[in-house]
Amino acid sequence: MNDILNTLKLGVLFLALILGLSCIVMSVISNKQGAAAMQERVEYGFFGVTGLVITAVMAYALA
């Protein structure tokens, strides 16, 4: 039973890492201009940092 929980935690860790990094990359390669661009970059940056924080919490949970 413990192995199943650790596997699920590892899956959440990888999912959060991939989503966090992809959101950060999407915020960098945005091609919009003006206020819409800043709003999009802030939103993607927020979700990217949130994904990386969840990754750190899950890494701590697995340790």
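Being a predicted model, the structure only gives us computed values, none of them experimental. (Residues numbered from 1 in each chain as written. Predicted model: local features only at pLDDT ≥ 70, side-chain atom pairs only at ≥ 80, totals over all residues. Heavy atoms only, no water.)

Visitor: Go over the overall build of the chain with me, naming the residues and quoting the values.
Guide: Along the backbone of the chain there are 2 helices and 0 strands. On C-alpha atoms alone, the chain measures out to a radius of gyration of 15 Å, which is more than a quarter above the 11 Å that the 2.2 N^0.38 rule sets for 63 residues. Overall, the C-alpha framework of the chain stretches about 50 × 15 × 10 Å when taken along its three principal axes. Counting the 63 residues in the chain, one finds 19% classified as buried. In the chain, the share of contacts with a sequence separation of at least 24, taken over all contacts with a separation of at least 6, comes to 72%. Of the roughly 4,700 Å² of accessible surface on the chain, a fraction of 75% belongs to carbon and sulfur atoms. (Helix = DSSP H or I, 4+ residues; strand = E, 2+ residues; numbered from the N terminus. Rg over C-alpha atoms; globule rule 2.2 N^0.38 Å. Buried < 20%, exposed > 50% of the residue type's maximum accessible area, 1.4 Å probe, protein only. Contact = heavy atoms within 4.5 Å. Areas by Shrake-Rupley, 256 points an atom, 1.4 Å probe, with all protein chains shown as cover.)

Visitor: Could you give an account of the packing of aromatic side chains, with specific residues and numbers?
Guide: Across all of its chains, the model carries 1 aromatic pair by this definition. The interplanar angle of 65 degrees and the centroid separation of 5.6 Å between the aromatic rings of F46 and F47 together place this pair among those described as edge-to-face. Residue classification places F47 among the partly exposed positions, given a relative accessible area of 49%. (Phe/Tyr/Trp six-rings, centres within 6.5 Å; stacked < 30°, edge-to-face > 60°.)

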